[in-house]
Amino acid sequence: MNDNVFEALQLKRKEEELSVLLSCNETSCEFGLVLSAEEAGELAQCRDDSLRKYQRVELGAGMLDKLIETFCDSQYLHQENYLDTLEELEDIFYEFKNLSGDKLTDGELLNFMKEQFEEVCFGDTEYLEGTCLDRFAEAIRSGYQGYKATDGKHQYDQFSQEQRWDKELYLAVLRDLCWS
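The sections below set out a description of the structure shown in this document. (Residues numbered from 1 in each chain as written. Predicted model: local features only at pLDDT ≥ 70, side-chain atom pairs only at ≥ 80, totals over all residues. Heavy atoms only, no water.)

**A word on helix 4 (residues 64–71)**
Line of reasoning, step 1. Where helix 4 is concerned, the buried positions are Leu64, Asp65, Leu67, Ile68 and Phe71. Along the axis of helix 4, the buried positions cluster into a sector of 160°, meaning they face one direction only. (Buried < 20%, exposed > 50% of the residue type's maximum accessible area, 1.4 Å probe, protein only. Helix = DSSP H or I, 4+ residues; strand = E, 2+ residues; numbered from the N terminus. Arc of directions from axis to C-beta.)

**Quick look at the packing of aromatic side chains**
Line of reasoning, step 1. Per the stated rule, a full pass over the model turns up 7 aromatic pairs.
Line of reasoning, step 2. When the ring of tyrosine 76 is compared with that of phenylalanine 117, the centres are 6.2 Å apart and the planes differ by 85°; the resulting orientation is edge-to-face. Taken together, the residues tyrosine 76 in the loop between helix 4 and helix 5 (82–99) and phenylalanine 117 in helix 6 (residues 106–119) connect sequence positions 41 residues apart.
Line of reasoning, step 3. Among the residues examined, phenylalanine 117 registers a relative accessible area of 0% and is labelled buried.
Line of reasoning, step 4. Aromatic pair tyrosine 144 and tyrosine 147: ring centres 6.3 Å apart, planes at 50°, arrangement tilted.
Line of reasoning, step 5. Aromatic ring contacts, followed pair by pair, group Phe71, Tyr76, Phe117 and Phe122 into a single cluster. (Phe/Tyr/Trp six-rings, centres within 6.5 Å; stacked < 30°, edge-to-face > 60°.)

Put into structure tokens, the structure is as follows:
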């Protein structure tokens, strides 16, 4: 009897979760991104796999709907890569919740991830994971707390070690070349 109750509760939870994920389509469809019921189920399963992989537990509502709402307006997401990129991002999210010692709120981490995904990584999840988040998590483990005042936004410049492209310099050189 107890097994039947547990299975019924699990089924009810999964149905509710799929409903929440599918309701995200109302927002994401404005950007040409939609998850089918099958894809929403796959995303939820991927989340469960990530939770096991990183030995994490989620109580209550998870973060998948927040992930979708945060990233659905990305210039680097298209229907063809939507599900795969969401799966990569959710796995990266849980990895860095662990690596940061759970010092970041979900919102702070999602804000940081989105900003770097758009402005530094140009949609490259490997660069996001292996460079930006790695450096940020190391700083947090070392005691850095500046992200709290900005909710995780505008933080990476101080950790970046790469020379970045300077738009103003590019335009100045382009003007000089065009007018020469």
